[in-house]
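Structural characterization, general
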Amino acid sequence: METTANTGSTRWHELVVNKIKFTEPFMWLAKGWRDMIDAARYSLTYGAVIVLISGLLTFVLFSTDSMFLLPFLVAGFFLVAPFLGIGLYQMSAHLEKGEPLKTCNALEAWKSNHTQISMITAGFFIMMQLWIALNYVLFSLLYEGLSPPLDNFFSNVFLSEKGRNFTIASIMVGFFFAWWAYMISVITVPILIDRKIDGFTAIRLSVKSVLQNMPAMMLWAFMIVVIVGLGLMTYFVGLLIALPLVGHASWHAYRSLVPSD
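Residues numbered from 1 in each chain as written. Predicted model: local features only at pLDDT ≥ 70, side-chain atom pairs only at ≥ 80, totals over all residues. Heavy atoms only, no water.

Take the overall build of the protein next. Counting its secondary structure elements, the protein contains 12 helices and 0 strands. Ordered by position from N to C terminus, the α and β elements of the protein give α-α-α-α-α-α-α-α-α-α-α-α. Counting over 261 residues, the protein shows a buried share of 49%. Excluding contacts between residues fewer than 6 apart, the proportion of contacts in the protein whose partners are at least 24 apart in sequence is 75%. By element, 69% of the accessible surface of the protein is carried by carbon and sulfur atoms, the whole surface being about 13,400 Å². (Helix = DSSP H or I, 4+ residues; strand = E, 2+ residues; numbered from the N terminus. Buried < 20%, exposed > 50% of the residue type's maximum accessible area, 1.4 Å probe, protein only. Contact = heavy atoms within 4.5 Å. Areas by Shrake-Rupley, 256 points an atom, 1.4 Å probe, with all protein chains shown as cover.)

If you want it as C-alpha cells, here you go:
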C-alpha cells in the first residue's frame, strides 16, 4: 500500500483491508481485556480520569441548571470517544512490542503524528458541537424558554406527544451522526499513531474496513454501545473499566483489519 503523508495521494482501490469473520470482535474484546489486565495500573488510572471529568461535567451542568443537556452530552460522548482512547492505543502498542509502559502516555501517542491527529480530533469535536446544536434547535421547537424545570423535564420531553416527536427526531439525528462518526473513526486514530500517513487516508481506510466487513463491524459497534452504555448508566463509575476495555480492543481491531506494511 503506497501512501504519501503530505499529499494524501493514495487512491481508494489502493487501500487494502483484511476480510474478517463475523465473530472477530469477540477476539478483539478478549485481547483488549488481556491488555487491560497487563497494564492495569495505567489503564485503570486512565479510566479513573475519564470518570472524574465526567462527574465534574455533570456537576457543572447541575449547578448551572443545564441538566437538560446531559442526555445529549452522553450521546455526544460516543462521537469523541475514539480520541479519548489515544493513550490506551499507545499502551497496547507498547505491550505488543514488549516495551515498558512507564513512559507511555497520550502525549507520546499524539506526538507520533500530531498534525494529522489534531486535525481528526478537531473534526470529532465539531461533529459533537453540531449534534448538540441540532438538538438545541429540535428542543426549541418543543419547549418555550431556555430550559424546562428539572422536576418535569422527562415527562415533558420524553412522555408527552410533542416530546415523543422530539425523541424520535433526536434519535434519528443521533443515529446519523453516530454511524458516520463510527465509520470514519473506528480505527482512524490507531492508524495515525502507528503509521506516518495523512488523516484522509486513515479515514478512507476506516470507512473501507467497515464497508467490506459490514456484519462484523456492526456487531463491534453494538458491543461498543453496550459496554460504554453500561459504564454511563452506572453514574460513570463503570467507565473505569468500560473505556479502557474498548480502547485496548480498538487497537486490536485496527491490527486485525489493516495489513502490516
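Further remarks concern the environment of Phe 124. Relative to the elements of secondary structure, Phe 124 occurs in helix H6 (residues 114-142). We classify Phe 124 as buried; its relative accessible area is 2%. Distance from Phe 124 to Phe 83, taken between C-alpha atoms, is 7.9 Å for residues 41 residues apart in sequence. Contacts of Phe 124, omitting those with residues within four sequence positions, involve Leu 79, Val 80, Pro 82, Phe 83, Ser 185 and Val 189.

Let's shift gears to the nonpolar core. Of all hydrophobic cores here, the largest spans 71 residues; its most connected members are Met 217, Trp 220 and Leu 239. If sequence neighbours within four positions are ignored, Leu 239 has contacts with Gly 47, Ile 50, Val 51, Ser 54, Phe 77, Val 228, Gly 231, Leu 232 and Pro 244. (Core = buried A, V, L, I, M, F, W, Y, C linked by side-chain atoms within 4.5 Å.)

The geometry of helix H2 (residues 40-63) relative to helix H4 (residues 86-97) is characterised by a closest axis approach of 10 Å and an angle of 175° between their N-to-C directions. Taken as axis vectors, H2 and H4 run roughly antiparallel relative to one another. Contacts between H2 and H4 involve Tyr 42, Ser 43 and Tyr 46 on the former and, on the latter, Ile 86, Gly 87, Leu 88 and Met 91. Classifying every residue of the contact of H2 with H4 by side-chain character gives 5 nonpolar, 2 polar and no charged. (Axes fitted to C-alpha atoms, helices over the stretch in contact; angles between N-to-C directions. Parallel < 35°, antiparallel > 145°, perpendicular 65-115°, else oblique. Nonpolar A, V, L, I, M, F, W, Y, C, P; charged D, E, K, R; others polar.)

This part is about helix H12 (residues 239-257). Helix length check: H12 (19 residues) gives 26 Å between terminal C-alpha atoms against 27 Å at 1.5 Å per residue, within 8%. When you tally the buried positions in H12, you get 16 out of 19 residues, the bulk of the element. (Expected span 1.5 Å × (residues − 1).)

Bringing the pattern of salt bridges into the picture now. Tallying each qualifying case throughout the model produces 3 salt bridges. Linking Glu 96 and Arg 255 is a salt bridge whose minimum nitrogen-to-oxygen distance equals 2.7 Å. Of this pair, Glu 96 sits in helix H4 while Arg 255 sits in helix H12; the two residues are 159 residues apart in sequence, bridging distant segments of the chain. Arg 255 sits in the partly exposed class, given a relative accessible area of 27%. A salt bridge links Arg 255 to Asp 194; the shortest N-O distance between them is 3.0 Å. In this pair, Arg 255 sits in helix H12 while Asp 194 sits in helix H9 (residues 188-194), placing the two residues 61 residues apart along the sequence. (Salt bridge = Lys/Arg side-chain N within 4 Å of Asp/Glu carboxyl O.)

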